[in-house]
Amino acid sequence: MNREIGSSSVQQTAFHLHHLLLRDYRDRWIRYQRERERRGEVHQRAVTEVLKRFVDRNRAQLRYRGVSLDSLPQRVSRALRGDVLSRTTLELFIDAFGISENDSRLLRRIHDGTDKIRVLTGPSAVPPGTAAALGPARHRTTSLHEHHYVGADGLPAWHRTQQVIEATEERLDRYPYRCDTSALAVEVEEGGRLAGPLYPVSGGLFALDILLDEPLALGAETPLTYSTLFQYEQAPPREMRRVSRGTMRNVSIRVEFHPEKIPERVWWAVWDGIDGEVIERDEYQLRASRYVFKRLDAVEQSVVGFTWDW
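Along each chain, numbering runs from 1 in the same order as the chain's sequence is written. Given that the model is predicted, a residue must reach a pLDDT of at least 70 before its local features are reported, and side-chain atom pairs must reach 80 or more before they are shown or counted; all residues, however, enter totals for whole chains, interfaces and linings. Heavy atoms from the whole structure form the basis of all side-chain values; hydrogens and water molecules are not counted.

## Section: the pairing of strand 10 (residues 239–257)
Two faces, one strand: in a regular strand the side chains alternate between the faces of the sheet.
Line of reasoning, step 1. Any two strands are treated as partners once DSSP identifies two or more bridges connecting them. Elements are defined by DSSP. Helices are runs of H or I of four residues or more, strands are runs of E of two residues or more, and each kind is numbered from the N terminus. Bridging between strand 2 (residues 139–150) and strand 10 involves 8 bridges; their strand directions are parallel. Across the sheet, residue H145 finds its bridge partner in strand 10, namely S252.
Line of reasoning, step 2. Pairing analysis gives 15 bridges linking strand 10 to strand 13 (residues 291–309), with the strands arranged antiparallel. When the bridges of strand 13 are listed, M248 appears paired with V299.

Next up, the structure:
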């Protein structure tokens with residue numbers, strides 16, 4: 001079961017650091033692992049070996065003179081557990097693993113403390129069977145802006161997404177669009193074209209692929225803009241949710257209501273996975289009497305969005 005981890009900046013930073021080491025920087029430590037690998041875990045001895053070798057090579061630098069090689073195993077253990085993670089230790093991880101500028105910036109912001117970054121524990125916001133059916137992610141989202149419109153009948157009318165994706169594999173040629181209903185039509189406005197019809201995936205999800213204008217090299221980015229027109233015959237749940245399997249940065253969500261169908265109350269909510277209940281919600285006031293808006297620096301392994309009552 002997914003649940004929100006401790007709200008302290010150290011615990012939030014430790015979880016995100018663990019996630020990065022497991023997902024994006026695994027090749028830096030896996031070569032030093034001697035024991036059998038445990039799925040979904042970062043091996044502390046191997047990570048410690050990376051730090052030891054780095055500190056030993058950079059002894060002449062002032063910032064590493066006070067770092068004892070003997071203290072590194074305990075330092076790594078405490079850091080990855082979220083017990084103690086000083087700024088010095090965080091910078092050591094960043095330097096030793098060559099963590100990218102974007103990832104480093106986010107780690108530092110979490111460590112400094114912010115209420116705009118949400119991190120959930122658990123293997124995924126998506127059940128294992130569904131995650132397996134979706135397959136591994138081949139991209140990451142570096143910017144995401146969602147605009148959801150609810151019509152006069154109280155049903156979702158349309159949804160517009162502006163997104164920037166970064167390839168995490170060579171020659172990324174498509175973006176996988178996912179949704180929880182087949183009662184829709186999708187139009188790509190910028191960045192690609194539809195590859196085929198909507199098809200069922202697993203766990204009530206549907207999918208179609210957007211072929212990119214040009215294949216992306218590893219680390220390259222491209223903007224995508226696409227609109228979804230809904231065709232509901234029966235009312236779906238009163239909510240607009242965004243599921244994040246990995247990390248999404250620079251996220252904003254706006255839900256706008258028709259002037260003839262204004263909700264009595266609206267909440268920003270966090271769900272316990274796509275099949276779970278709401279585990280946290282905060283009431284929001286409508287702006288200009290018609291819409292709500294939320295911006296986050298990052299969303300990771302989360303299901304978040306707005307829910308409302310008529």
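## Looking at the pattern of salt bridges
Line of reasoning, step 1. Within this document, salt bridges are pairs made up of a side-chain nitrogen of Lys or Arg and a carboxyl oxygen of Asp or Glu, the two lying within 4 Å of each other. If you walk through the whole model with that rule in mind, you get 16 salt bridges.
Line of reasoning, step 2. For R238, the salt bridge goes to D309, with nearest N and O atoms at 3.1 Å. You can see R238 sitting in the loop between strand 9 (221–230) and strand 10 and its partner D309 sitting in strand 13, a full 71 residues away along the chain.
Line of reasoning, step 3. A network of salt bridges, in which partner residues are shared, links R87, E91 and R108.

## Considering the environment of E91
Line of reasoning, step 1. Note on placement: E91 falls in helix 5 (residues 87–96).
Line of reasoning, step 2. Buried means the residue's accessible area, taken with a 1.4 Å probe over protein chains only, is under 20% of the maximum for its type, while exposed means over 50%, and partly exposed covers the values in between. Overall, E91 belongs to the buried group, its relative accessible area being 14%.
Line of reasoning, step 3. Here E91 is in contact with R63 and R108, once residues within four sequence places are set aside. Residues are treated as being in contact if the distance between any of their heavy atoms lies within 4.5 Å.

## Some remarks on the confidence of the model for the protein
Line of reasoning, step 1. Along the chain, pLDDT gives the predictor's confidence residue by residue, from 0 to 100. With 83% of its residues at a pLDDT of 70 or more, the protein shows a mean pLDDT of 81.
Line of reasoning, step 2. The element-level mean pLDDT for the protein is lowest in strand 1 (residues 117–119), coming to 45, with strand 11 (residues 265–271) highest at 93.
Line of reasoning, step 3. Across residues 1–6, confidence stays below pLDDT 50; counting only partners more than four residues off in sequence or on other chains, it has 25 contacts.

## Describing the packing of helix 1 (residues 9–23) against helix 6 (residues 101–112)
Line of reasoning, step 1. Only the stretch in contact is used when fitting a helix axis, every axis being a line fitted to C-alpha atoms; angles between N-to-C directions are given from 0 to 180 degrees. Where helix 1 contacts helix 6, the axes come no closer than 8 Å and their chain directions differ by 160°. Considered as vectors, helix 1 and helix 6 are oriented roughly antiparallel to each other. Our pair here, helix 1 against helix 6, has a crossing hand that is right-handed. Side by side, helix 1 and helix 6 meet where S9, Q12, T13, H16, L17 and L20 of the first sit next to D103, L106, L107, I110 and H111 of the second.
Line of reasoning, step 2. Here the contact of helix 1 with helix 6 is built from residues that sort into 5 nonpolar, 5 polar and 1 charged. Roughly parallel here means an angle under 35 degrees, roughly antiparallel means over 145, roughly perpendicular means 65 to 115, and every remaining angle is called oblique. If you view the pair so one helix is near and one far, a crossing is left-handed when the near helix is turned anticlockwise from the far one by less than a right angle, and right-handed when it is turned clockwise. Lys, Arg, Asp and Glu make up the charged group, whereas Ala, Val, Leu, Ile, Met, Phe, Trp, Tyr, Cys and Pro make up the nonpolar group; the residues left over, Gly among them, are polar.

## What about the packing of aromatic side chains?
Line of reasoning, step 1. For this analysis, a ring pair means two rings from Phe, Tyr or Trp (six-membered ring only for Trp) whose centres lie within 6.5 Å, classed as stacked if their planes differ by under 30 degrees, edge-to-face if by over 60, and tilted for the remaining angles. All chains considered together, the criterion is met by 9 aromatic pairs.
Line of reasoning, step 2. The interplanar angle of 85° and the centroid separation of 5.1 Å between the aromatic rings of F257 and W308 together place this pair among those described as edge-to-face. Of this pair, F257 sits in strand 10 while W308 sits in strand 13, and the two are 51 residues apart along the sequence. Taken as a pair, F257 and W308 share a single burial class, namely buried.
Line of reasoning, step 3. Measuring from ring centre to ring centre gives 5.9 Å for F257 and W310, while their planes differ by 90°; the resulting arrangement is edge-to-face. Of this pair, F257 sits in strand 10 while W310 sits in the segment after strand 13; the two residues are 53 residues apart in sequence, bridging distant segments of the chain.
Line of reasoning, step 4. By relative accessible area, which is 0% here, F257 ends up buried.
Line of reasoning, step 5. The rings of Y175, Y177 and Y226 are connected pair by pair, giving a single aromatic cluster.
Line of reasoning, step 6. Above the face of the W310 ring, K261 is positioned so that its terminal group lies 4.8 Å from the ring centre.
Line of reasoning, step 7. The ring of W267 has R281 lying over it, and the distance from NZ or CZ to the ring centre is 3.9 Å. Whether a charge sits over a ring comes down to the Lys NZ or Arg CZ being within 6 Å of the ring centre and within 35 degrees of the ring normal.

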